[in-house]
Amino acid sequence: MLINLRDPIGRLKHGINHGWYKSNQWIYEINQHKEALDRVTYGGQDKPHLDLLESVLKNKNIGNISIWEYHQTIQEIRNASSIHYLDMQEIVGKRTFDTMTQLSQEFRFPLPKEEDRKFYESKINNQYRYLLPIIFRVNEEIKILVEQSTYNIEFILGLNLSSSIVGGFLAINDYNKNELLNHTFSILQDNMDIISQLNLDSLGLQIKILADKKQSQEIAYQANHSNLKNDLQQYLFALKEKIQSIETNKVTESQVLEYLKEHKDLRKIYQTYFEKEFVHIKQVRPDIVESWKYYQEFERMCAELD
């Protein structure tokens, strides 16, 4: 049995910053910049807030406290010696591919393929997660797909993956997959990135703006005789601003600790729960627990305050 671990204070921070889809809308008119960027919510608010720490205890918004039921889980396993703990730091960035290669040999799942290395080393839950992909409708004939350059809509829809990757990583249900596929089929077949064609400033954003190659002349015409180029450039400016806002408003582990310091009842609940659920981990992998910087600070804080 393989159990993935993470510094629990870091995990709380991640839960607060995680967000979720605000709506299931994927298609927007070309001038609907504001609506196209209003796609993420944080427990009903527009930016992360520390009050979400209480939502974990109520099984709302950012998960529930059962995500730490390590000790309770292994009590139900007959051969507890077969448990393998994996710290989150082993599957972050450039360490991920080698870790997955090692685990595939140990647990006998398909080896990761070299052509998928970029995917394994990328950050999936990044600042674009809920903002892209989207489709802009220029008119009844022309639709434009905006997606991340790190991994594309084929990956999201599970259309062209190697056998070492499971498709549908993002939370897109079957209805939305079909909707996206129906509106982007021709684009997926033979596309062109129109950022360079329209001489747009990408502003350093890691994105692609794709259109059906067969519509290149019509797009060029629209760029010269309508607001298409200006609309797309204004969207890029707005997207850049939204990305910066997302990064600026993220909470930190230190803020989580400070909030728990000021909320004794909440702190005691987490403290009691962690003490119970980390028993086995501390016994067999104390090195992992000792490497959790912010959890160590949390334990010291609890000892000093209580």
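Please refer to the structure higher up on the page.
These lines cover the structure that appears in this document, whether it is placed above or below. (Residues numbered from 1 in each chain as written. Predicted model: local features only at pLDDT ≥ 70, side-chain atom pairs only at ≥ 80, totals over all residues. Heavy atoms only, no water.)

Moving on, we get to the packing of aromatic side chains. As enumerated under the stated definition, the model contains 15 aromatic pairs in all. With 6.3 Å between their ring centres and 25° between their planes, Tyr295 and Phe298 make a pair best called stacked. Placement of the pair is Tyr295 and Phe298 together in helix H16 (residues 293-305), with a separation of three residues, close to one helical turn. The same class applies to Tyr295 as to Phe298, namely buried. Counting every residue linked through ring pairs, the aromatic cluster contains Tyr70, Tyr270, Phe274, Phe278, Trp292, Tyr295 and Phe298. Stacked on the ring of Trp26, the Lys or Arg Arg39 has its end atom at 4.6 Å from the ring centre. Over the aromatic face of Phe97 sits the side chain of Arg117, whose NZ or CZ is 4.0 Å from the ring centroid. (Phe/Tyr/Trp six-rings, centres within 6.5 Å; stacked < 30°, edge-to-face > 60°. Helix = DSSP H or I, 4+ residues; strand = E, 2+ residues; numbered from the N terminus. Buried < 20%, exposed > 50% of the residue type's maximum accessible area, 1.4 Å probe, protein only. Lys NZ or Arg CZ within 6 Å of the ring centre and 35° of its normal.)

Glancing now at helix H13 (residues 264-277). For H13, spanning 14 residues, the distance from its first C-alpha to its last is 20 Å, which sits close to the expected 20 Å at 1.5 Å a residue. Every buried residue belonging to H13 is among Leu266, Arg267, Tyr270, Gln271, Tyr273, Phe274 and Glu277, and all of these are buried. Of the surrounding secondary structure, the elements contacted by the buried residues of H13 are helix H1 (8-18), helix H3 (52-57), helix H4 (70-74), helix H12 (253-262), helix H14 (279-284) and H16. (Expected span 1.5 Å × (residues − 1). Contact = heavy atoms within 4.5 Å.)

Strand order in this open sheet of five strands is S3-S6-S7-S9-S8, and the pairing throughout is mixed. The open sheet has two free edges, formed respectively by strand S3 (27-29) and strand S8 (191-193), since each of these has just one partner strand. The mean inter-strand angle of the sheet, taken between neighbouring strand axes irrespective of direction, is 30°. Pairing geometry for strand S6 (residues 134-137) and strand S7 (residues 143-148), over four bridges, is antiparallel. (Pairing = 2+ DSSP bridges. Axes fitted to C-alpha atoms, helices over the stretch in contact; angles between N-to-C directions.)

What follows deals with the nonpolar core. Counting residues in hydrophobic clusters, the biggest one holds 74 residues, and the most contacted among them are Leu53, Phe136, Tyr235, Tyr270 and Phe298. It is helix H11 (residues 228-248) that provides the largest number of residues to this core, a total of seven residues. (Core = buried A, V, L, I, M, F, W, Y, C linked by side-chain atoms within 4.5 Å.)

Before going further, it helps to spend a moment on the pattern of salt bridges. Inspection of every chain in the model, using the stated rule, returns 14 salt bridges. As a salt-bridge pair, Arg95 and Glu90 come within 2.6 Å of each other at their nearest N and O atoms. On the basis of relative accessible area, Arg95 is assigned to the partly exposed category, the value being 44%. The exposure class of Glu90 is partly exposed, given its relative accessible area of 28%. Sharing partners across several salt bridges, the network here consists of Lys94, Glu114, Arg117 and Glu121. (Salt bridge = Lys/Arg side-chain N within 4 Å of Asp/Glu carboxyl O.)

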